[in-house]
Amino acid sequence: MDISLQTSYNAALADVVALLLSEDLAHERARALRVTDFSFKQERPEPTLIHSVLRARVPASELPSQLRSFLTGGLNVRIESTYHSERTPAVIEHDVHIDGAPVSAALIFTLTPASSSSSAGIGSTSANLSNPVVSETVSDGEIISDAGGSAATSRPAVTRAHITGSFSVRVPFIGAKIERVAAAHANDVLRADTALVHSLLAR
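Residues numbered from 1 in each chain as written. Predicted model: local features only at pLDDT ≥ 70, side-chain atom pairs only at ≥ 80, totals over all residues. Heavy atoms only, no water.

*Asks:* Even after reading the chapter, I still don't get the overall build of the protein, so can you show me in this structure?
*Replies:* When helices and strands are tallied, the protein shows 4 helices and 10 strands. Going from N to C terminus, the protein has its helices and strands arranged as β-α-α-β-β-α-β-β-β-β-β-β-β-α. Residues classed as buried in the protein amount to 41% of the 203 residues present. Taking contacts inside the protein between residues at least 6 apart in sequence as the whole, the part at least 24 apart equals 61%. Surface accessibility of the protein: about 11000 Å² in total, with carbon and sulfur atoms responsible for 52%. (Helix = DSSP H or I, 4+ residues; strand = E, 2+ residues; numbered from the N terminus. Buried < 20%, exposed > 50% of the residue type's maximum accessible area, 1.4 Å probe, protein only. Contact = heavy atoms within 4.5 Å. Areas by Shrake-Rupley, 256 points an atom, 1.4 Å probe, with all protein chains shown as cover.)

*Asks:* Which parts of the structure should I look at to understand the pattern of salt bridges?
*Replies:* A pair can form between side chains of opposite charge whenever their charged atoms are brought close. Counting across every chain of the model gives 3 salt bridges. Taking the shortest distance from any N to any O, the salt bridge between Asp 193 and Arg 29 comes out at 2.7 Å. Of this pair, Asp 193 sits in helix H4 (residues 175-201) while Arg 29 sits in helix H2 (residues 23-32), and the two are 164 residues apart along the sequence. (Salt bridge = Lys/Arg side-chain N within 4 Å of Asp/Glu carboxyl O.)

*Asks:* What exactly am I supposed to notice about the pairing of strand S6 (residues 103-114) here?
*Replies:* Residues in a regular strand project their side chains so that they alternate between the two faces of the sheet. For strand S5 (residues 90-98) and S6, the ladder comprises 7 bridges, and the chain directions are antiparallel. Looking at the pairing, His 94 lines up with Leu 107 of S6. In this structure, S6 lies alongside strand S10 (residues 158-169), joined through 12 bridges in antiparallel fashion. By the bridge assignment for S10, Val 103 is matched with Val 169. (Pairing = 2+ DSSP bridges.)

*Asks:* Help me out: how do you make sense of the environment of Phe 40 in this one?
*Replies:* By secondary structure assignment, the location of Phe 40 is in strand S2 (residues 37-46). Separated by 17 residues in sequence, Phe 40 and Glu 23 have C-alpha atoms that sit 6.7 Å apart. Among all residues touching Phe 40, those that are not within four sequence positions of it are Leu 21, Ser 22, Glu 23, Ala 26, Ser 52, Val 53 and Leu 54.

*Asks:* Can you walk me through the nonpolar core in this structure?
*Replies:* Most often, soluble globular proteins keep nonpolar side chains buried together rather than apart. Counting residues in each nonpolar core, the largest one holds 37 residues, and the members touching the most others are Tyr 9, Leu 20 and Leu 111. Of all the elements, H4 adds the most residues to this core, at 6 residues. (Core = buried A, V, L, I, M, F, W, Y, C linked by side-chain atoms within 4.5 Å.)

*Asks:* Just to check I follow, could you spell out unusual backbone geometry for this structure?
*Replies:* A negative phi angle is the norm for most residues apart from glycine, just as the trans form is the norm for most peptide bonds. For the bond running from Thr 88 to Pro 89, omega is 0 degrees, close enough to zero to count as cis. As for its position among the elements, Pro 89 is in the loop between strand S4 (75-84) and S5.

*Asks:* Would you mind going over H2 with me for this structure?
*Replies:* The α-helix advances 3.6 residues per turn, and as a result positions three or four apart in sequence lie on the same side. Looking at H2, one finds that the buried residues are Leu 25, Ala 26, Glu 28 and Ala 30. One or two residues past the end of H2 sits Arg 34, with phi positive at roughly 60 degrees.

*Asks:* Explain the environment of Ser 8 to me, please; I cannot follow it from the model alone.
*Replies:* With respect to the helices and strands, the residue Ser 8 is situated in strand S1 (residues 2-9). With relative accessibility at 3%, the residue Ser 8 sits in the buried group. Residues Ser 8 and Ala 114, 106 residues apart in the sequence, show an inter-C-alpha distance of 8.8 Å. A distance of 3.0 Å separates polar atoms of two side chains, one belonging to Ser 8 and the other to Arg 160. (Polar contact = N/O pair within 3.5 Å; in protein donor to acceptor, adjacent residues only side chain to side chain.)

*Asks:* Even after reading the chapter, I still don't get the confidence of the model for the protein, so can you show me in this structure?
*Replies:* Any residue range with low pLDDT should be treated as having predicted coordinates unsuitable for detailed reading. Taken over all residues, the pLDDT of the protein has a mean of 76, while the share at 70 or more is 67%. Strand S9 (residues 142-145) is the least confidently modelled element of the protein, averaging 34 in pLDDT, while helix H1 (residues 13-20) averages 95, the highest of any element. Taken together, the stretch residues 116-124 has pLDDT below 50 and engages in 25 contacts with residues farther than four places along the chain or on a different chain. In this model, residues 128-152 is a region of pLDDT below 50 whose contacts with residues beyond four sequence positions or in other chains number 55 contacts. (pLDDT = per-residue confidence, 0-100.)

*Asks:* Can you help me understand the side chain of Glu 28 in this one?
*Replies:* Among the secondary structure elements, Glu 28 is positioned in helix H2. Residue class for Glu 28 comes out buried when judged on its relative accessible area of 17%. Leaving out residues up to four positions away in the same chain, Glu 28 has contacts with Leu 196, Leu 200 and Arg 203.

Spelled out as structure tokens, the structure:
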């Protein structure tokens with residue numbers, strides 16, 4: 001399963017990067033997913049490198065119903081994130097590891113500043129998850145269906161994000177079925193996460 005999403009944040013690039021790497025966002029994401037058993041650690045092994053590790057236990061009750069029969073004990077997830085501050089454009093990479101599961105997943109945020117004069121479509125989000133395309137308008141954390149474009153408005157700072165990723169399950173016979181279920185769920189999770197980031201930036 002491949003993931004591709006484009007969105008815009010109404011904030012300066014430095015502020016967006018800081019939030020996406022923050023422990024505050026990790027806590028808010030865990031709360032949104034109703035995960036209470038998690039830890040977060042961040043370090044700077046090099047002056048221009050930020051590395052963080054999020055560990056979480058996701059109970060089976062919080063998984064999509066179609067996956068509970070396969071994952072009766074829930075999931076132990078480890079997400080390792082890296083950011084090199086000297087690179088342009090700004091790139092945040094997330095590698096997802098699930099203990100004891102033949103699963104590989106990755107998510108990459110590529111961030112670029114946008115001119116405030118070209119602000120048409122600011123806050124709009126489009127996603128492509130294994131072919132389906134969903135267009136939404138995200139404003140202050142609320143998702144509203146986009147029926148034909150947004151009016152141009154002037155914003156002091158805008159950061160554009162291109163989010164790409166992949167998810168695969170290497171299990172004979174049922175791996176493809178699990179990926180299809182995950183794809184349907186990932187669409188909702190990504191849209192909700194984008195709305196969460198917008199709401200936190202607006203504080």
